[in-house]
Amino acid sequence: MKKSTVEEIKQRFDNDVERFSNLDTGQVSTIDAKISLELITEASKRIVPDAEDLLDIGCGGGNYTLKMLEKIANLNCTLIDLSKPMLDKAFERVSQKTTNEVTILQGDIREVELPENHYDIILAGAVLHHLRDDADWETTFRKLFKLLRPGGCLMISDLITQDTEILNDYTWERYGDYLESLSGKEYRQKVLDYVDKEDSPRSMNFQLDLMKQVGFRKVEILHKNMCFGAFGGIK
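On a predicted model such as this, the values are computed, not experimentally measured, just so you know.

Participant: Explain the packing of helix 7 (residues 134-147) against helix 9 (residues 204-214) here, please?
Facilitator: How two helices sit against one another is set out by the angle between their axes and by the gap between those axes. Remark: helix 7 packs on helix 9, axes separated minimally by 9 Å, with the N-to-C direction vectors making an angle of 55°. Taken together, helix 7 and helix 9 sit at an angle that is classed as oblique. Pair helix 7 / helix 9 crosses with right-handed handedness. Residues D134, W137, E138, F141, R142 and F145 of helix 7 pack against F206, Q207, L210, M211, Q213 and V214 of helix 9. The residue inventory of the contact of helix 7 with helix 9, partitioned by class, reads 7 nonpolar, 2 polar and 3 charged.

What follows is the structure in structure tokens.
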């Protein structure tokens, strides 16, 4: 199947701002979304307690940055997303919670120019699964590594696969059952169809190995449930 283009992904999110700005209703298809959000922000705070600069890539409506600001209040926040309506919503919500600088940048993390060795914390919530081939993953991880200050962390919460095909099939079968328990067979098929068209997830093992390959000195697994995980690396 031909995958969605960046423009098609942008348009979908342009039309879904309110849903993705509500963690209770917007993330029902994402297993343990609240748990992963709590874990990656709390881990970030403990790794870099004196953090000053946060980068939130694929920020959506700003949920991850808002949770991070609950833990470290005085952060300068840079928010990146393909969708301008999402960014506007995130800016509105985040600006109400901090007197520090809030910067929004519309664009693709692979193309946006950002200062190297600048960010203490990079959050990537449900965004990296939109990367495509292995080269795309590697160049993006190298870029994120360069953007971090030494001692900083990249924390990821995302859709993932298994490396062993038979286990991957089992994991996605269970995920399908979960979706069906939420809203029936049609909802199950709808979500799995758009994952197939739009997303190119990689396993947690693949991403942790890639982090080490590009230079992260430590990698950590925080949580995994079926085809969703929370994990990260420290520069």
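Participant: Any chance you could explain the nonpolar core here in plain terms?
Facilitator: The nonpolar side chains of a soluble globular protein tend to be buried, and buried together. In this structure, I57, L128 and L154 are the most contacted members of the largest nonpolar core, which totals 28 residues. If you list the elements that add at least two residues to this core, you get strand 1 (53-57), strand 4 (119-125), helix 7, strand 5 (148-159) and helix 9. The next biggest cluster of nonpolar side chains, apart from the first, holds 25 residues, and it includes I72, A90, M155 and I234.

Participant: When you look at the side chain of D53 in this model, what are you seeing that I'm missing?
Facilitator: With respect to the helices and strands, the residue D53 is situated in strand 1. A polar contact of 3.1 Å, which involves the side chain of D53, links it to the side chain of R149. Aside from chain neighbours lying at most four places away, what touches D53 is L75, N76, H118, Y119, D120, I121 and R149.

Participant: Please explain the pairing of strand 3 (residues 102-106) as it appears in this structure.
Facilitator: On a regular strand, each side chain points to the face opposite its neighbour's, so the side chains alternate between the two faces of the sheet. Sheet topology places strand 2 (residues 76-81) next to strand 3; 5 bridges connect them, and they run parallel. For T78, the partnering residue across the bridge sits in strand 3 and is T103. A crossover connection joins strand 2 to the parallel strand 3 through helix 6 (residues 84-95); in handedness this β-α-β unit is right-handed.

Participant: Whenever I open this one, the packing of aromatic side chains confuses me. Can you help?
Facilitator: The geometry of two aromatic rings is summed up by the distance between their centres and the angle between their planes. In the structure shown here, the tally under the stated rule is 6 aromatic pairs. Taking the centre distance of 5.9 Å and the plane angle of 90° together, the rings of W137 and F206 count as edge-to-face. Of the two residues, W137 is situated in helix 7 and F206 in helix 9; the sequence distance between them amounts to 69 residues. On the basis of relative accessibility, which here comes to 0%, the residue W137 falls in the buried class. Ring centres of W172 and Y175 lie 5.7 Å apart, and the angle between their planes is 85°; on these two criteria the pair is classed as edge-to-face.

Participant: Got a minute to help me understand the pattern of salt bridges in this structure?
Facilitator: Working definition: two side chains of opposite charge can pair if their charged atoms are close together. In total, this model carries 16 salt bridges according to the counting rule given. The partner of D108 in a salt bridge is R110, with the nearest N and O atoms 2.7 Å apart. For R110, a relative accessible area of 31% corresponds to the partly exposed category. If you follow the salt bridges from partner to partner, you end up with E38, E42, K45, R46, K67, E70 and K71 in one network.

Definitions and cut-offs
The written sequence of each chain sets the order in which its residues are numbered from 1. Only residues with pLDDT of at least 70 get local features here, since the model is predicted, and only at 80 or more are side-chain atom pairs given and counted; chain-wide, interface and lining totals rely on the full set of residues. The basis for every side-chain value is the complete set of heavy atoms in the structure, and neither hydrogens nor water enter the calculation. Helix axes are fitted to C-alpha atoms over the stretch in contact, other axes to C-alpha atoms as well, and angles between N-to-C directions run from 0 to 180 degrees. Each helix is a run of DSSP H or I of at least 4 residues and each strand a run of E of at least 2, with the numbering of both proceeding from the N terminus. Oblique is the label for any angle not under 35 degrees, not over 145, and not in the 65 to 115 range, which are roughly parallel, roughly antiparallel and roughly perpendicular in turn. What makes a crossing left-handed is the near helix being turned counterclockwise from the far one by less than a right angle; a clockwise turn instead makes it right-handed. Pairs of residues are marked as contacts when any of their non-hydrogen atoms sit within 4.5 Å. Just so you know the grouping, Ala, Val, Leu, Ile, Met, Phe, Trp, Tyr, Cys and Pro go in nonpolar, Asp, Glu, Lys and Arg go in charged, and all remaining residues, Gly too, go in polar. To qualify as a nonpolar core, a set must consist of buried Ala, Val, Leu, Ile, Met, Phe, Trp, Tyr and Cys residues joined through side-chain atoms within 4.5 Å. Note on exposure labels: buried denotes an accessible area under 20% of the residue type's maximum, exposed denotes more than 50%, and partly exposed covers the range between, all computed with a 1.4 Å probe on protein chains only. In the analysis that follows, any N or O atom pair within 3.5 Å is treated as a polar contact, provided that within protein one partner can donate a hydrogen and the other can accept it, and provided that, for residues neighboring in sequence, both atoms belong to side chains. For two strands to pair, DSSP has to find at least two bridges joining them. With its strands directed away from the observer, a crossover is right-handed exactly when the path from the first strand over the helix to the second travels clockwise. Pairing of aromatic side chains here covers Phe, Tyr and the six-membered ring of Trp, requires ring centres within 6.5 Å, and sorts the geometry by plane angle: under 30 degrees stacked, over 60 edge-to-face, intermediate tilted. One side-chain nitrogen of Lys or Arg within 4 Å of one carboxyl oxygen of Asp or Glu is enough to make a salt bridge.

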